[in-house]
Amino acid sequence: MKKQFFYLIAVLCSTCIFTACSDDDDPYVPPTKVEMYTTSNGLKYTYGGTDRTDVTVLYTPDATDPQKATLTLSTIGSKRSENIPSAPLLSPGNIVPGTNELIIPVTLIQNANEALFNGNGETPFCTYRYNGSVSDAGLTIAIDQVTMKGAPIIEAKTYTDKSGLQLMYNDAPMLGKVITFTPNLENLEEATLTMQGAPLDISAIIEGIVPAADASTEVGLPTTGVFPGNVTFTLPIKISVDNSFSGKSETEHCTFSYSGKITESTLKLAISDVKLKNAALAGLTLNVPYANEDFTLDPLHFVWESDTEVELFPGYGIPISSIVGIALRVPTIPTDQVDEEGNPVSVSVTDMLPTALKSITFGIDGNITAVYVDIENGATEPTTSPLNIAQYIVNDDNSIQVFLNPAAIIYHSMANAPENRSRAVDMGEMIAQLMGIAMPLLTDGVPVQVSQNAEDNSMDIYLGTEFLVPILKCASPLFEDEDFINMLLEEMAKDPTFGSMAPMMGGALRTMPQIIDNTTKIELGIHFLKAE
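How each quantity is defined
Every residue gets a number counted from 1 within its own chain, in the order that chain's sequence is written. Reporting in this predicted model follows two pLDDT cut-offs: at least 70 for local features of residues, and 80 or more for side-chain atom pairs to be given and counted; totals over whole chains, interfaces and linings ignore these cut-offs and use all residues. For side-chain calculations, the full set of non-hydrogen atoms in the structure is used, while hydrogens and water are omitted. Helix and strand definitions here come from DSSP, where helices need a minimum of 4 consecutive H or I residues and strands a minimum of 2 consecutive E residues; each element is numbered from the N-terminal end. Only protein chains enter the calculation, and the probe is 1.4 Å; a residue is then buried if its accessible area is under 20% of its type maximum, exposed if over 50%, and partly exposed in between. Contacts were defined at the residue level, with two residues in contact if any of their heavy atoms lie within 4.5 Å. Working definition of accessibility: Shrake-Rupley area with a 1.4 Å probe, residue cover restricted to the visible protein chains. DSSP bridges decide pairing: two strands pair if at least two such bridges lie between them. To form a nonpolar core, buried Ala, Val, Leu, Ile, Met, Phe, Trp, Tyr and Cys residues must be joined to one another through side-chain atoms within 4.5 Å. Salt bridges, as used here, are contacts in which a Lys or Arg side-chain nitrogen is within 4 Å of a carboxyl oxygen on Asp or Glu. For every residue, the predictor assigns a confidence score, pLDDT, that lies between 0 and 100. Aromatic pairing here means that ring centres of Phe, Tyr or Trp (its six-membered ring) are within 6.5 Å. Orientation follows from the plane angle: under 30 degrees is stacked, over 60 is edge-to-face, and everything else is tilted. Grid points spaced at 1 Å over the protein atoms alone were grouped into cavities, where a 1.4 Å probe fits but cannot get out, and pockets, open sets with protein on both sides within 12 Å along at least five of seven lines, with lining residues defined by an atom within 4 Å of a point. Grid points are joined across faces, edges and corners, and a volume is the space filled by probe spheres set on the points. Note on residue categories: nonpolar means Ala, Val, Leu, Ile, Met, Phe, Trp, Tyr, Cys or Pro, charged means Asp, Glu, Lys or Arg, and polar means any other residue, Gly included.

On a plain count of helices and strands, the protein chain comes out with nine helices and 35 strands. Counting over 532 residues, the protein chain shows a buried share of 41%. Sequence separation of 24 or more characterises 57% of the internal contacts of the protein chain that already satisfy a separation of 6 or more. In the form shown here, the protein chain has an accessible surface area of approximately 28600 Å², with 54% of it arising from carbon and sulfur atoms.

The next subject is the side chain of serine 399. Tracing the backbone through its elements, the reader meets serine 399 in strand β32 (residues 399-404). Those residues within four positions of serine 399 in sequence are excluded, and the remaining contacts are Val394, Val448, Gln449 and Val450.

What follows concerns unusual backbone geometry. Of note in this structure, glutamine 145 is not a glycine but carries a positive phi near 50°. By relative accessible area, glutamine 145 is classed as exposed at 51%. Positive phi outside glycine occurs at asparagine 243, with the angle close to 70°. Within the secondary structure layout, asparagine 243 lies in the loop between β18 (232-238) and β19 (244-250).

A sheet is described by the order of its strands in space; here six strands give the open sequence β3-β2-β10-β9-β8-β7, paired in mixed fashion. Every interior strand has two partners, whereas the edge strands, β3 (50-52) and β7 (109-110), have only one. Pairing analysis gives nine bridges linking strand β8 (residues 114-122) to strand β9 (residues 126-135), with the strands arranged antiparallel. Following the sheet pairing, glutamate 122 is matched in β9 by threonine 127.

Another point: the nonpolar core. Formed by 77 residues in total, the largest nonpolar core has its most connected members in Leu193, Ile271 and Phe362. Of all the elements, helix α9 (residues 502-517) adds the most residues to this core, at six residues. Once residues lying within four places of it in the same chain are set aside, the contact partners of isoleucine 271 are Leu167, Met168, Tyr169, Asn170, Met195, Val226, Phe227, Phe256 and Ser257. In terms of nonpolar packing, the next biggest core, distinct from the first, is built from 28 residues, Val57, Tyr59, Tyr128 and Tyr130 among them.

Our focus in this paragraph is the environment of leucine 193. Checked against the element boundaries, leucine 193 lands in strand β15 (residues 190-197). Distance from leucine 193 to leucine 235, taken between C-alpha atoms, is 5.0 Å for residues 42 residues apart in sequence. Residues within four places of leucine 193 in sequence aside, it is in contact with Ile179, Thr180, Phe181, Phe233, Thr234, Leu235, Ile237, Phe245, Leu267 and Leu269.

Looking now at the pairing of strand β21 (residues 267-276). Side chains on a regular strand alternate between the two faces of the sheet. Judged from the five bridges that link them, strand β12 (residues 165-169) and β21 form a sheet pairing that is parallel. Each residue of the ladder has a partner; that of methionine 168, found in β21, is alanine 270. In this structure, the hairpin formed by strand β20 (residues 254-262) and β21 is closed by a connection of four residues.

Following the criterion strictly, the structure yields 10 salt bridges and no others. Among the salt bridges present, the one from lysine 157 reaches glutamate 264, with a minimum N-O distance of 3.0 Å. One end of the pair, lysine 157, is in strand β11 (residues 157-159); the other, glutamate 264, is in the loop between β20 and β21, with 107 residues separating them in the sequence. A salt bridge links lysine 521 to glutamate 523, with the shortest nitrogen-to-oxygen separation between them at 4.0 Å. Here glutamate 523 falls in the buried class, since its relative accessible area comes to 12%.

The next point concerns the environment of aspartate 201. Within the fold, aspartate 201 resides in strand β16 (residues 200-201). Along the chain, aspartate 201 and leucine 221 lie 20 residues apart, while their C-alpha atoms are 6.4 Å from each other.

Glancing now at the confidence of the model for the protein chain. Per-residue confidence for the protein chain gives a mean pLDDT of 82, with 80% of residues at or over 70. Scored below 50 in pLDDT, residues 78-84 shows 17 contacts in the model against residues more than four places distant or in partner chains.

So, on to the environment of leucine 529. Turning to its location among the elements, leucine 529 is positioned in strand β35 (residues 519-530). Separated by 240 residues in the primary sequence, leucine 529 and proline 289 place their C-alpha atoms 6.8 Å from one another. Look past the residues within four positions of leucine 529 in its chain and what remains in contact with it is Thr285, Leu286, Asn287, Pro289, Asp456, Asn457 and Ser458.

Attention shifts here to the packing of aromatic side chains. Within this structure, the stated rule accounts for 11 aromatic pairs. Consider the rings of tyrosine 128 and tyrosine 130, whose centres lie 6.4 Å apart with planes at 50°: the pair is tilted. With respect to burial, tyrosine 128 and tyrosine 130 carry one shared label: buried. An aromatic cluster of three or more residues is present, and its members are Tyr169, Phe227, Phe233, Phe245, Phe256 and Tyr258.

Bringing empty space enclosed by the protein into the picture now. Under the criterion given, the structure shown has one cavity of 30 Å³ or more. As a volume, the largest cavity reaches approximately 50 Å³. Surrounding the largest cavity, Pro152, Ile153, Phe181, Pro183, Leu188, Glu190, Ala191, Ile239 and Asn243 form its lining. Mapped onto the lining of the largest cavity, the elements with two or more residues apiece are β14 (177-183) and β15. Split by residue class, the lining of the largest cavity holds seven nonpolar, one polar and one charged.

Before going further, it helps to examine the sheet that holds β20. Read from one edge to the other, the open sheet built from five strands follows the order β13-β12-β21-β20-β19, with strand pairing classed as mixed. Every interior strand has two partners, whereas the edge strands, β13 (172-173) and β19, have only one. Direction of pairing for β19 relative to β20: antiparallel, over a ladder of seven bridges. By the bridge assignment, phenylalanine 245 is partnered in β20 with glycine 260.

Here you go:
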C-alpha cells in the first residue's frame, strides 16, 4: 500500500512537470484585434538604421489567417526628417521616398515570446527591406536597403532657354519662356509646371538711346506666356518612375496634349495638338492686294480724324489724313532698281507693303504666320515666318488679341534708332512712358480690330484709337523740339521726290502736338482679301 502511494505521487508530479513544460513551449499569440502602435505604447521604428519617433503603425490582423497581418505606417506631422547618410533623403511626411503612407502585408513567424516578420517591398519610386516583431512589449520594425528606382526631383526647379529648357509648341521650338517645376513632397508622383514668359532685358538696347545717367543696369519687361491668352498657366502632372510625364489639359482658350521628361538640369516639354476653343479664324488665309490706279483698292487701312488741321499756309489748312495719305503714296523708299535712264527707282509705302508682305494665315493652334519677301536682305522669293512668333485669340466678331514676340519687336524698333539724340527731349522719360504702355501689351496682348466686307470678300485688320493715341502722345514732345524737326526736314530735302515739299512741312510738323491732342479717331492697319 505504501509503495502504491509513492507511485501515485510520482505520477502526479511528472504530470505537473510535463504540463508546465508544455505550457512554456506554446507559441506567442499575436494580437487578434486592430492595434495602433506609437512610441508611447511600445513602437520602435528605424529607417536606415536611425530611430524615428514621428511614425505610427496600425496593426490589422488577417480575418482568416492568424499568421498574417497588415502594417500601415504613417507619419505624425509633415516635418522633414534629418538626412540619413545610409538611406535616401525623405521629403516632409514621407515613410519612404515619395510615400506618406506605407502598407506592408506581413507573414508572422511565431516563437515562444513574439511573432517575427521580414521581407522585401516596393513603391513606385523605390524598393526596400523590412524586418521586425510584435510581442506583448510592443511592435518593432526596421526599414533599410532602400534603393531608388529612378532619381525623383524633390526640390522646386526653374528652367529657361539658358538653363535647360527645351520647349516645343506644335513641333516648333518656342523661346523666351520660363517653366518652374514644383514637386508634391507628400506624393512624388505628383507635381506642377508653372509656365510664363521670361522677362525681356532691354538694358542693352536702350543703352544707346537713353543717356548713361538715365539708363539702369538692367531693365526687364514682362512677356506673354506659353499659351495664347494666358500670362501664367499652371499644369498639374503625374510623374513616372523615369521622371517622364504626359497627358491632356486645357486653358481658358485652348485644349492641348503634352509630354516631357525632367532631370536635375533639363526639362523637355512638348506641347502638341493645340486647338483654340474659338476657331472662328482658324485656317483663314488673307492676301495683301496691290493698289489700283485710283486707289479704290488700297492695301493700307488708314483713318486719322482730328479737330486740328495742318496749316500749310496762313489761313489754309487741310486734314492730317490727307497729308499722311499723300506721304504714304509718294515713292520715297529707295530700291536697287533703276529706270530706263539709269536713275534709281523708289517706291511708296503703299507699293512696298504688298511687295514685302504677301499673306497671313491664322492657325488652329493660335499661331499667326506670314508669307513675306525679305527685301531688306536682298531676297526675291517669298518665305514663311517661323511658328511661335505671333499668337492670337478671338475676342468677338470685331476684335482679336495678338501676342507678339517682344524680343523681335523691341530689337528691330529700338536697336536701329538714329544715333543723333535730341538735346531738348528727355528720352529717358519717353522710354519710361513707352514701357508703361508696352508692359501690359507684352503680357496681355495687343488689341486688334477686325472688320469684314462680304461684298468684296475682304477683311481689314487694324490698330484702333484706344491703342494708337497713347503712343502718339508719348511721341508728341519730339515735335516740340526744333533739333528733331530740323533733322526731319533735312532728310526730306535729300529725297528727290519729297524735297520740293520740305519747306512747307515745317509748319505741319510743329502743329503735330495740337493735332495729336485733338485726335478723335485714328486707325492703322492692312486691307486684306480672303484667299479663295
